[in-house]
Amino acid sequence: MGAPPGYRPSAWVHLLHQLPRADFQLRPVPSGFAPQEREYQQALLLVAALAGLGLGLSLIFIAVYLIRFCCCRPPEPPGAKSPPPGGGCITWSCITALLVGCAGIGIGFYGNSETSDGVSQLSSALLHANHTLSAIDHLVLETVERLGEAVRTELTSLEEVLAQRTELVAAARGARRQAEAVTQQLQGLAFWRGVPLSPLQVAEDVSFVEEYRWLAYVLLLLLELLVCLFTLLGLAKQSKWLVIVMAVMSLLVLVLSWGSMGLEAATAVGLSDFCSSPDTYILNLTEEETGLDSDILNYYFLCNQAVSNPFQQRLTLSQRALANIHSQLQGLEREAVPQFPDAQKPLLSLEETLNVTEGNFHQLVALLHCRGLHKATAALRRLRGLERARAFLPGSVPTAAGAQHCLLVPSRLPVI
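Here's a quick rundown of the structure.

What counts, and at which threshold
Residue indices begin from 1 for each chain and proceed along its sequence in written order. Under the rules for a predicted model, residues below a pLDDT of 70 receive no local features and side-chain atom pairs below 80 are neither given nor counted, while totals for whole chains, interfaces and linings still include all residues. Side-chain calculation: all heavy atoms of the structure are included, whereas hydrogens and water are not. Note on conventions: DSSP H or I runs of at least 4 residues are helices, E runs of at least 2 residues are strands, and numbering of each starts at the N terminus. Note on classification: 1.4 Å probe, protein chains only; a residue is buried when its accessible area is under 20% of the maximum for its type, exposed when over 50%, partly exposed between these limits. Every residue pair with non-hydrogen atoms within 4.5 Å of one another is taken to be in contact. Any Lys or Arg side-chain nitrogen located within 4 Å of an Asp or Glu carboxyl oxygen qualifies as a salt bridge. Put simply, buried Ala, Val, Leu, Ile, Met, Phe, Trp, Tyr and Cys residues joined by side-chain atoms within 4.5 Å make one nonpolar core. Here a patch means residues that are over 30% exposed by relative accessible area and free of salt bridges, tied together within 9 Å if like-charged and within 5 Å if nonpolar (Val, Leu, Ile, Met, Phe, Trp, Tyr). Residue exposure ignores everything except the shown protein chains as possible cover, and the areas themselves are Shrake-Rupley values with a 1.4 Å probe. An axis is simply a line fitted to the C-alpha atoms; with a helix, the fit covers only the stretch in contact. Between two such axes, the angle follows the N-to-C directions and lies from 0 to 180 degrees. Geometric relationships in this document are graded by angle, where less than 35 degrees denotes roughly parallel, more than 145 denotes roughly antiparallel, 65 to 115 denotes roughly perpendicular, and other angles denote oblique. Polar here means any residue outside two lists: the nonpolar Ala, Val, Leu, Ile, Met, Phe, Trp, Tyr, Cys and Pro, and the charged Asp, Glu, Lys and Arg; Gly therefore counts as polar. Any two of the Phe, Tyr and Trp rings considered here, Trp counted by its six-membered ring, make a pair once their centres fall within 6.5 Å; the pair's planes then place it as stacked at under 30 degrees, edge-to-face at over 60, or tilted in between. Working rule for helices: expected span equals 1.5 Å times residues minus one. Crossings are classed by handedness, with left-handed meaning an anticlockwise turn of the near helix from the far one by less than a right angle and right-handed meaning a clockwise turn.

A few words now on the overall build of the protein chain. Scanning the protein chain from N- to C-terminus turns up 14 helices and zero strands. In the protein chain, the succession of α and β elements from N to C terminus is α-α-α-α-α-α-α-α-α-α-α-α-α-α. The proportion of buried residues among the 416 residues of the protein chain is 43%. Long-range contacts, defined here as pairs at least 24 residues apart, represent 82% of the contacts in the protein chain between residues at least 6 apart.

Right, here's the structure in full:
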């Protein structure tokens, strides 16, 4: 079996993962993903606080500009109708900023779509894993019940029919012991039975949260787009009151943009730490939540030649036991049926049960191979869209700049 292609984080993940981190005391914090540690949480909050610093500087800059424009403007001569100096430059700067903001909003829509696509892949992977695990549990339960019923009925009837021949009864009892051994080995293959963590429930929770996250972000981008478009309309029509109203709304957009930027910056940094080396964290978290053996988790998450199948011994013993049962039943059919015609019916029923059991066994071998579940677990690590939440679901930074320039439009519009 060839090893599956290795996971390689993207350049954005590598870049964000290399950024220095510090807690509230400005002490260095390792970049390993550890959301349960207080210092790491403080480091992410500090990254988000940088957006608050940017918002504060923007508001101070706007306040200083408005005070200078309103209070420090030189008096105009009587009857003068010329626009204030520099008005055309301010208007063109506002238009440029709004166009850049609209372009940033378009990129934001793209980033939001990519994130939604990544979460959709995650949900599909979880559903695939749940389907595989449920199929394993179902096959094991069905096979165990079928073999148990055969031991209780057909093999008991066969022993009663062959009671006069001790050696034949011994062969039937040997088949019984082999069937019980197969039952015991197969029960250990349903490794997910009794585990409190349900991939189906996790997939439903992820889809529920993503639905509202996607809608909230789309509404935020639409609000920013409307503000930019109406401000451009006000500039085109030289409508002072429209621009004033849009300038007030731009203040709201400015706060929302910087706030979303802080949240997305912290999220992007955290995701870069996770995506740079997801195996260790996922293995530890899954082992803690499920209580499964580390050998099982390593086999399904890594799926390479260096890790052997933890169920290989059980599968080998089960296959040998099924082959022994098959040979014993064939021997009984050759020797017992000519002397005991009543033994033919339970023997045929046992052969049918054995054929069904072997078919289920081959399906279990395929389902228990790591490649089936590795497709799902690998998708948990790739998260193509979440990984592309690379630099903050773009759109917030240009929009914040656009909103800031909108606030700098003076109440008296100059003529371009």
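Structure shown, so let's carry the discussion forward.
Right, let's talk about the pattern of salt bridges for a bit. Should the charged atoms of two oppositely charged side chains come close, the side chains can pair. Considering all chains together, one arrives at seven salt bridges under this definition. With a closest N to O distance of 2.9 Å, arginine 152 and glutamate 149 form a salt bridge. Of this pair, arginine 152 and glutamate 149 both sit in helix 3 (residues 87–152), separated by three residues, roughly a single helical turn. Classification of arginine 152 by relative accessible area gives exposed; the value is 56%. Among the salt bridges present, the one from arginine 176 reaches glutamate 159, with a minimum N-O distance of 3.1 Å. With a gap of 17 residues between them, arginine 176 in helix 5 (residues 166–187) and glutamate 159 in helix 4 (residues 154–161) connect regions that are remote in the sequence.

A separate point is the side chain of serine 318. Here serine 318 is to be found in helix 10 (residues 312–336). The residues contacting serine 318, other than those within four sequence positions of it, are Val182, Gln185, Leu186 and Phe361.

This part takes up the nonpolar core. With 56 residues, the main nonpolar core has Leu158, Leu162, Phe191 and Tyr300 as its most contacted residues. For this core, the element with the most residues is helix 3, which contributes nine residues. Counting residues in each nonpolar core, the second largest holds seven residues, with Cys102, Ile105, Leu221 and Cys228 among its members.

So, on to a nonpolar patch on the surface. Together, Leu50, Leu53, Leu57, Ile60 and Val64 make up an exposed nonpolar region whose accessible area comes to about 510 Å². You can see leucine 50 is positioned in helix 2 (residues 38–71).

Right, let's talk about the packing of helix 4 against helix 5 for a bit. Relative to each other, helix 4 and helix 5 sit at 170 degrees, their axes nearing to 9 Å. Judged by the angle between their axes, helix 4 and helix 5 are roughly antiparallel. For the pair helix 4 and helix 5, contact is made by Leu155, Thr156, Leu158 and Glu159 and by Val169, Ala172, Arg173, Ala175 and Arg176, respectively. Here the residues of the contact of helix 4 with helix 5 sort into five nonpolar, one polar and three charged.

So, about the packing of aromatic side chains. Tallied over the entire structure, the rule returns nine aromatic pairs. With a centroid separation of 6.4 Å and 90 degrees between ring planes, the pair formed by phenylalanine 191 and tryptophan 192 is classed as edge-to-face. Residues phenylalanine 191 and tryptophan 192 agree in their burial class; the two are buried. Each member of the aromatic cluster is reached from another via a ring pair, and the members are Phe191, Trp192, Tyr299, Tyr300 and Phe311.

A word on the environment of aspartate 137. Mapped onto the fold, aspartate 137 is located in helix 3. Note on aspartate 137: relative accessible area 18%, which makes it buried. The spacing of aspartate 137 and glutamine 187 is 50 residues in sequence and 9.1 Å in space, taken between C-alpha atoms.

Here valine 255 lies in helix 7 (residues 240–276). Taking the relative accessible area as the measure of exposure, valine 255 reaches 37% and is therefore partly exposed. Through-space distance from the C-alpha of valine 255 to that of glycine 56 is 9.6 Å; in sequence the pair is 199 residues apart.

Looking now at helix 5. If you check helix 5, its first and last C-alpha atoms are 32 Å apart, about what 22 residues at 1.5 Å a residue would give, namely 32 Å. Every buried residue belonging to helix 5 is among Leu168, Val169, Ala172, Gly174, Ala175, Arg176, Ala179, Val182, Thr183, Gln185 and Leu186, and all of these are buried.

One way to put it is that helix 4 packs onto helix 11 (residues 344–368) with a least axis distance of 9 Å and a crossing angle of 150 degrees. When the axis of helix 4 is compared with that of helix 11, the two are roughly antiparallel. Seen along the crossing, helix 4 lies across helix 11 with a hand that is left-handed. Contacts from Glu154, Leu155 and Leu158 in helix 4 reach Pro346, Leu347, Ser349 and Leu350 in helix 11.

Moving on to unusual backbone geometry. The phi dihedral of leucine 26 falls on the positive side, at around 60 degrees, and the residue is not glycine. Along the polypeptide, leucine 26 turns up in the loop between helix 1 (11–17) and helix 2.

Turning next to helix 11. Helix length check: helix 11 (25 residues) gives 36 Å between terminal C-alpha atoms against 36 Å at 1.5 Å per residue, within 8%. For helix 11, the complete set of buried residues consists of Pro346, Leu347, Leu350, Glu351, Thr353, Leu354, Thr357, Asn360, Phe361, Leu364 and Leu368.

All quantities given are derived from atomic positions and should not be read as evidence of function.
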